[in-house]
Amino acid sequence: MHLIRRLLFTAGCLLFGLLVSTVTSPPAGHPVPVRGLLRDTHPLLGSSVEGLWTFSWAVFDHPLLFGVIAAVLTVPWLVAVLVSALPRRVNKDPQRLFTTDQRRYGATRAGDRCEMESIFFTRCRRPGEHGDHWFPHSLGGGTVMDNFVWACARCNTSKGARIPTWWETSRLEWRRRRYFTPDQTTRPTRRARAG
Ligand SMILES: [Zn+2]
């Protein structure tokens, strides 16, 4: 699922780049090679190659500008990767498993349906089966309702023991706004103890 999502994201970025570059015209002095032939073969092929051609020349002509854009897009990701690689001491919650009452409450709160994400940012359609820590217990996530998600077996397995990103947590929060009551906390917290 992660691979499909990543491929879709990459394809989307490429398509967006292509769309942006096709509305600009090739730089003067660098005409598109075999333009007529490409356009005759297929208009889409023609415009795609012209778009790539234009974009390549734009990068070549403004290396500093595109370097800065690439850096701005990459640096936060690099920092996040480095920070997550740092060793840290984990304060684990002494309570490892959710109690029966916690699971029953969490399942009701979720309408007995899995709370995880399916494809295209939609909510998984399978019924939930497991009470799961949103922030893994092994990494300091508390065994508290604020850190509880109701998940089907498949989502529970594919989730793995890693800390969800801010963006993943936000998406869970947005999904939950549709079915949580106003007195329930939609955004999971990582604290080890209730209080
Ligand atoms: Zn699921």
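Refer to the preceding data block for the structure.
Residues numbered from 1 in each chain as written. Predicted model: local features only at pLDDT ≥ 70, side-chain atom pairs only at ≥ 80, totals over all residues. Heavy atoms only, no water.

A. Region of the structure containing the coordination of the zinc ion. The zinc ion binds to the protein through Cys114 (SG), Cys124 (SG), Cys152 (SG) and Cys155 (SG); the donor distances cover 2.3 to 2.4 Å. All donors to the zinc ion come from one chain, and their sequence spacing reads C-x9-C-x27-C-x2-C. In this pair, Cys114 sits in the loop between helix H5 (100–109) and strand E1 (130–133) while Cys124 sits in the loop between H5 and E1, placing the two residues ten residues apart along the sequence. Here Cys114 falls in the buried class, since its relative accessible area comes to 0%. (Donors = N, O, S within 2.8 Å, 3.2 Å for Na, K, Ca; no water. Helix = DSSP H or I, 4+ residues; strand = E, 2+ residues; numbered from the N terminus. Buried < 20%, exposed > 50% of the residue type's maximum accessible area, 1.4 Å probe, protein only.)

B. Spatial organisation of the pattern of salt bridges. Tallying each qualifying case throughout the model produces eight salt bridges. A salt bridge links Arg162 to Glu168; the nearest nitrogen and oxygen atoms lie 2.8 Å apart. Ionic contacts of the salt-bridge type, sharing partners, join the residues Glu117, Arg171 and Arg175 into one network. (Salt bridge = Lys/Arg side-chain N within 4 Å of Asp/Glu carboxyl O.)

C. A look at the nonpolar core. Among the nonpolar cores identified, the biggest contains ten residues, and these are Cys114, Met116, Cys124, Trp134, Phe135, Val149, Ala151, Cys152, Cys155 and Leu172. Filtering out sequence-adjacent residues up to four positions away, Cys155 remains in contact with Cys114, Met116, Cys124 and Arg126. With eight residues, the next largest nonpolar core counts Phe98, Ala107, Ala110 and Tyr179 among its residues. (Core = buried A, V, L, I, M, F, W, Y, C linked by side-chain atoms within 4.5 Å. Contact = heavy atoms within 4.5 Å.)

D. Fine view of H5. Where H5 is concerned, the buried positions are Gln102, Gly106, Ala107 and Arg109. Looking straight down H5, one finds its buried side chains confined to an arc of 160 degrees; they lie on one side. Facing away from the buried side of H5 by more than 90 degrees, the exposed set consists of Asp101, Arg104 and Thr108. Positive backbone phi, approximately 65 degrees, marks Gly111, located one or two places after H5. (Arc of directions from axis to C-beta.)

E. Region of the structure containing the packing of aromatic side chains. What the rule picks out here adds up to eight aromatic pairs. With a centroid separation of 5.3 Å and 80 degrees between ring planes, the pair formed by Trp57 and Phe60 is classed as edge-to-face. Taken as a pair, Trp57 and Phe60 lie in helix H3 (residues 43–61) at a separation of three residues, close to a single helical turn. The exposure class assigned to Trp57 is buried, which follows from its relative accessible area of 18%. (Phe/Tyr/Trp six-rings, centres within 6.5 Å; stacked < 30°, edge-to-face > 60°.)

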